[in-house]
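Read off the chains here:
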Amino acid sequence: MRGLRRLSQASVAMVWGRVPCRLNSRGGQPPAPLGARILTNPEDVFQHNMWDHVKWSEEEKEKARQKADDNSSLRIPLEEQGKYDIDASKYWDSFYETHQDKFFKDRKWLFLEFPELLPLGLESSATEERPCGLRAPCPEPGVSGREKETGQQRQHAPSHQHIDPLISDCQQSCNQDGRDTAGAARQTSSFPGEHATFRIFEVGCGAGNSVYPIVSSIKDTGAFLYCCDFSPRAVQLVKDHPDYDQSVCHTFVQDVCDEVGSFPFPPLSLDVILLVFVLSSIHPERVQGVVTRLSQFLKPGGILLFRDYGRYDLSQLRFKKGRCLSENFYSRGDGTCVYFFTKDEVHSLFSNAGLEEIQNLEDRRLQVNRGKKVVMRRVWMQSKFKKPQPLAPPL
């Protein structure tokens, strides 16, 4: 398997000790742990398929940087690059024509990592507090495939989360604001989900691997899910699924890069926006505009949830020369594209859209192929950003 190297004991030794919670990217500890399977003895590396909180040595960081520099030294010619942006929906449409809904598994881990997806009062059932060492299944995106998916991971989720105290505050303000914005919207025109008390929007829904775990959890709660993809085949797969329920879900074709495109809901109407492995598939020069436009649909107090590829993830280092479009942005063999983020880039991206950081983590893992006795270093970004409440007018 190309791009994989055997593990030395010295390399394995460079992991954190057994700590229950990851350090916050900007100091302190985050309100939710993202994993507790910590490798303390290098000889145990092949006992499990995934290890959490992996710390890279300076030598390993430099090797990864050099590998990325090397595979991006020969780039796709400028005259050929335009098609990957202009025809992006066609490439993804071909992907779903080939794989249908068989390539990715449903994201049953969503509510462990993102309990904010559930309406107020339900998130506690998905995130009951357990000892920090008790661990939920890890996500194991297959290194032989891709996890764009518009974000579908191949197996279950990272780890278990405690209840985030910020969730309740956010959702209370969202629900209160929802009554105001929904009322204003009804005065102008009706829209799908207008009577919902809690609205979620997933961008880049693919074949529905997030849709159905969400739909099954929000029925009879007063919540409503919107989801879109710019692949017509993907949207049709979602609608053709036997669990599709128009009473709680509205699916539509939408290219979020379209600056004049319309959405089936008004501004300031959404409680949650979900972006999982979707922004990485968009040309880096377009991403800021996409996030800024999407943020206009969040209510004050609404939250944006983000998970995507991190810089120097194994999938970046495995690219061959000649597949690079621009710095840290690549085209796969089937024409689909992927970008690899850093924490600072993620912070700037959402802060520039007027959102406040709640969480911004670099999720480093050691993925293990026990049969081949090789290890793979995975890097994902996971973040949460909140739309601030408007300032109160002076008395």
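Preceding this paragraph is the structure being described.
Every chain is numbered on its own, with residues counted from 1 as its sequence reads. In keeping with the model being predicted, local features are shown solely for residues with a pLDDT of at least 70 and side-chain atom pairs are shown and tallied solely at 80 or more, while totals for entire chains, interfaces and linings include all residues. Derived side-chain values reflect all non-hydrogen atoms in the structure, with water molecules and hydrogen atoms excluded from consideration.

## Considerations on the sheet that holds strand 3 (residues 223-229)
- Strand order in the open sheet made by the eight strands is 1-10-11-6-5-2-3-4, with mixed pairing throughout. Each edge of the sheet is formed by a strand with only one pairing partner; in this case those strands are strand 1 (50-51) and strand 4 (249-253).
- Paired strands are those between which DSSP finds at least two bridges. Under the scheme used here, helices are H or I runs from DSSP no shorter than 4 residues and strands are E runs no shorter than 2 residues, and both carry numbers assigned from the N terminus. Inspection of the sheet shows strand 3 paired to strand 4 by five bridges, in the parallel sense. From the neighbouring strand, Cys 227 faces strand 4, where its bridge partner is Thr 251.
- Contacts between helix 8 (residues 211-218) and the sheet are confined to strand 2 (198-203), strand 3, strand 4 and strand 5 (270-276), with strand 3 contributing the most and set at about 165 degrees to the helix.
- Against the sheet, helix 12 (residues 343-351) makes contact with strand 5, strand 6 (298-309), strand 10 (356-369) and strand 11 (374-386), and its axis sits at roughly 20 degrees relative to strand 11, the strand it touches most. Contacts are assigned to residue pairs that have any heavy atoms within 4.5 Å of one another. Axis lines are fitted through C-alpha atoms, for helices just across the contact stretch, and the angle between N-to-C directions can take any value from 0 to 180 degrees.

## Description of the sheet that holds strand 8 (residues 329-331)
- Strand order in the open sheet formed by three strands is 7-8-9, and the pairing between neighbours is antiparallel. One side of each edge strand has no neighbouring strand; the edge strands of this open sheet are strand 7 (324-326) and strand 9 (337-339). On average, each strand axis in the sheet is tilted by 30 degrees relative to the strand beside it, whichever way the strands run.
- Direction of pairing for strand 7 relative to strand 8: antiparallel, over a ladder of two bridges. The residue of strand 8 that forms the bridge with Cys 324 is Tyr 330.

## A closer look at the pairing of strand 2
- Only protein chains enter the calculation, and the probe is 1.4 Å; a residue is then buried if its accessible area is under 20% of its type maximum, exposed if over 50%, and partly exposed in between. Extensive coverage of strand 2 is indicated by the burial of six of its six residues.
- Burial along strand 2 is two-sided: Phe 198, Ile 200 and Glu 202 and Arg 199, Phe 201 and Val 203, pointing in opposite directions, are all buried.
- Classification remark: right-handed applies to a crossover when, strands pointing away from the viewer, the course from the first strand over the helix to the second runs clockwise. The β-α-β motif built from strand 2, the intervening helix 8 and the parallel element strand 3 has right-handed crossover chirality.
- Bridge count between strand 2 and strand 5: four bridges; the pairing is parallel. From the neighbouring strand, Glu 202 faces strand 5, where its bridge partner is Leu 274.

## Topic: the side chain of Asp 363
- Tracing the backbone through its elements, the reader meets Asp 363 in strand 10.
- Classification of Asp 363 by relative accessible area gives buried; the value is 1%.
- Among the polar contacts made by the side chain of Asp 363, one reaches the side chain of Arg 365 at a distance of 2.9 Å. Residues adjacent in sequence count toward polar contacts only when both atoms are side-chain atoms; beyond that, a polar contact is any pair of N or O atoms within 3.5 Å, and within protein one must be able to donate a hydrogen and the other to accept it.

## A closer look at the packing of aromatic side chains
- When the centres of two rings from Phe, Tyr and Trp lie within 6.5 Å, Trp using its six-membered ring, the rings pair. Their planes under 30 degrees apart give stacked, over 60 give edge-to-face, and anything left gives tilted. Counted under the stated rule, the structure contains 17 aromatic pairs.
- Measuring from ring centre to ring centre gives 5.4 Å for Phe 306 and Phe 350, while their planes differ by 65 degrees; the resulting arrangement is edge-to-face. Here the residue Phe 306 occupies a position in strand 6, and Phe 350 occupies one in helix 12, the gap between them amounting to 44 residues. Like Phe 306, the residue Phe 350 is buried in the burial classification.
- Ring centres of Phe 329 and Tyr 339 lie 6.4 Å apart, and the angle between their planes is 50 degrees; this geometry places the pair in the tilted category. With a gap of ten residues between them, Phe 329 in strand 8 and Tyr 339 in strand 9 connect regions that are remote in the sequence. Note on accessibility: Phe 329 and Tyr 339 belong to one class, buried.
- One aromatic cluster is present, formed by Phe 201, Phe 224, Tyr 226, Phe 252, Phe 263, Phe 265 and Phe 297 through successive ring pairs.

Coordinates in, geometry out; function isn't part of it.
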